[in-house]
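Coordinates in review
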Amino acid sequence: KNPGGSADLTTIDINKFHFNMAGNPVDFKLHLSTPVSDPNIQASAQGRMDLKAVKEVYPLEGMELQGKLDANLQLAGRYSYVEQQKYDQFKAEGSLGVQELTFKGDSIPEVTIEKMLMTFSPQYVHLSETKLMVGKNDFTVSGDLENMLAYALKGEVLKGKLSVASNYLNLNDFMSNEKESNKDTVVLTAMEVPRNIDFKMNATFGKILFDKLEMTNSKGGILVKDGKVTLDNLSTNALGGSMLVNGYYSTASNPTQPELNFKLDLQNVSFVKTFHTFDLIQKLAPIFENMSGNFSTKLDLTTQLKNDYMPL
């Protein structure tokens, strides 16, 4: 209801909301006031749901969904308490569990979450060891997420400290693919880095594919912040030798012309593998194709990239 005048006078009061969907009970309560100036919220949600039952109630055209959710959440307090870090005055507790969740649509790869448990507190959301698959890419993630309420309510920056591991990561699967006209070849288009995410990650990867570059036994630090991905001492085996990478990839200034800065320390890498992996080398150093043996070098590269990742 709203008595008139300011939208901030609006109140929403849901004393009891209950439903059973194909035998799955869900209960929800919500009271919200001063939604514009300083949202004051009291909410709770409890329920278990088998997502396969959704299609019995609502048609999911071009979409497959299954899995089980178990939720028990309570929120109470003003948004300003979170902003001022008065966490003792804001209640946020409970958990959200997911098991064997699979989501598949016509235009996206299949996503499977084997298990996930999120435990809530006013300051953090603790993510217990989570195992998921995106297409053929596997991830194991654990850590803490901070500022979740501000991110959910006002789109502010979501912060996190995470440990990420993967046996197989094909970065090409997460980039836009466009077919060239009159050709069957697929051209990668630049990936935009979200600006409202601030993640610090310790990462280990068994195998990474990026364009035609294959990397194995990779580990290092990754920072995602302000539309930029920064690599901190990422060590990997590639091109028949080893590689140490520092630098960043940024779409903060122009998403269609990313900025790239790489400091590469290459040790005992193959001339031939380098030639066949990088289109840039084919243009700048075609002699590599006819050279045998290995080389070592240090390279500092800073450039803007075109939308197909070629240097501008």
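Residues numbered from 1 in each chain as written. Predicted model: local features only at pLDDT ≥ 70, side-chain atom pairs only at ≥ 80, totals over all residues. Heavy atoms only, no water.

1. A look at the overall build of the chain
Selection rule: Counting from the N terminus, the helices are DSSP H or I runs at least four residues long and the strands are E runs at least two residues long. A 1.4 Å probe rolled over the protein chains alone gives each residue an accessible area, and that area as a share of the maximum for its type sets the label: buried under 20%, exposed over 50%, partly exposed in between. Only heavy atoms matter for contacts: two residues are in contact if any of them lie within 4.5 Å across the pair. Accessible surface area values rest on a Shrake-Rupley calculation with a 1.4 Å probe, where residue burial reflects the displayed protein chains alone. Residues scored as charged are limited to Lys and Arg (positive) and Asp and Glu (negative), so that His and the chain ends carry no count. Note that the charge is assigned to NZ on lysines, CZ on arginines, CG on aspartates and CD on glutamates.
Scanning the chain for helices and strands turns up 5 helices and 18 strands. Principal axes of the C-alpha set define a box for the chain whose edges measure 75 × 45 × 40 Å. Expressed as a percentage of its 312 residues, the buried residues of the chain come to 35%. Considering only contacts in the chain between residues 6 or more positions apart, those separated by 24 or more positions represent 45%. When the accessible surface of the chain is split by element, carbon and sulfur atoms take 52% of a total near 18,300 Å². Averaging the positions of the 31 positive and the 37 negative side-chain charges in the chain gives two centres separated by 3 Å.

2. Structural notes on the packing of aromatic side chains
How we decide: Each Phe, Tyr or Trp ring, with Trp reduced to its six-membered ring, pairs with another whose centre is within 6.5 Å; inter-plane angles below 30 degrees give stacked pairs, above 60 give edge-to-face pairs, and intermediate values give tilted ones. Either the NZ atom of lysine or the CZ atom of arginine qualifies as a charge over a ring when it sits within 6 Å of the ring centre and within 35 degrees of the ring normal.
Scanning the entire structure with this criterion turns up 4 aromatic pairs. Between F271 and F295 the ring centres are 4.7 Å apart and the planes differ by 35 degrees, which places this aromatic pair in the tilted class. In this pair, F271 sits in helix α4 (residues 271–277) while F295 sits in strand β18 (residues 294–304), placing the two residues 24 residues apart along the sequence. Here F271 falls in the buried class, since its relative accessible area comes to 12%. Taken together through their ring pairs, the aromatic side chains of F271, F288 and F295 make up a single cluster. In this structure, K228 is placed above the aromatic ring of Y248, and the distance from its NZ or CZ to the ring centre is 4.4 Å.

3. Looking at a positive patch on the surface
Which entries qualify depends on this criterion: Patch membership is restricted to residues that have no salt bridge and whose relative accessible area is over 30%. Joining uses 9 Å for like charges and 5 Å for the nonpolar side chains Val, Leu, Ile, Met, Phe, Trp and Tyr. Counted as salt bridges are all cases of a side-chain nitrogen of Lys or Arg within 4 Å of a carboxyl oxygen of Asp or Glu.
There is a patch of like positive charges on the surface, built from K159, K161, K200 and K225. Within the secondary structure layout, K200 lies in strand β13 (residues 197–210).

4. What about the side chain of Q74?
Heads up, the condition is: For this analysis, a polar contact is any N or O atom pair within 3.5 Å, provided that within protein one partner can donate a hydrogen and the other can accept it, and provided that sequence-adjacent residues contribute only side-chain to side-chain pairs.
You can see Q74 is positioned in strand β4 (residues 63–78). Within the structure, Q74 has its side chain in polar contact with the side chain of N72 (distance 2.7 Å). With sequence-adjacent residues up to four places away left out, Q74 is seen in contact with A43, S44, Q46, K91, A92 and E93.

5. Description of the layout of surface pockets
Our working rule: Of the two site types, the cavity is a set of points on a 1 Å grid over the protein atoms alone where a 1.4 Å probe fits but cannot get out, and the pocket is an open set with protein on both sides within 12 Å along at least five of seven lines, each lined by residues with an atom within 4 Å of a point. Grid points are joined across faces, edges and corners, and a volume is the space filled by probe spheres set on the points.
In this structure, the second largest pocket spans a volume of roughly 400 Å³. Lining the second largest pocket are 26 residues, with P122, N147, M148, L149 and A150 positioned closest to its centre. Those elements that provide at least two residues to the lining of the second largest pocket are β4, α2 (79–83), β5 (91–105), β7 (124–134) and α3 (148–154). Of the residues forming the lining of the second largest pocket, the biggest block, 5 residues, is contributed by α3.

6. Re the environment of M118
Its place among the elements puts M118 in strand β6 (residues 108–120). The sequence separation of M118 and L145 amounts to 27 residues, and the corresponding C-alpha distance is 9.7 Å. Residues contacting M118, with those up to four places away along its chain left out, are G94, S95, L96, V125, H126, L127 and M148.

7. Some points on the pairing of strand β16 (residues 241–250)
The criterion, for reference: Between any two strands, pairing holds if DSSP finds at least two bridges.
β16 sits mainly inside the fold: 7 of its 10 residues count as buried. With 9 bridges connecting them, strand β15 (residues 228–238) and β16 associate as antiparallel partners. By the bridge assignment for β16, N237 is matched with S242. The hairpin turn running from β15 into β16, its antiparallel successor, is 2 residues long, and L239 in that turn takes a positive phi close to 60 degrees. Sheet topology note: the β16/strand β17 (residues 259–270) ladder contains 9 bridges and is antiparallel. Bridge assignment links Y249 to a residue of β17, and that residue is L260.

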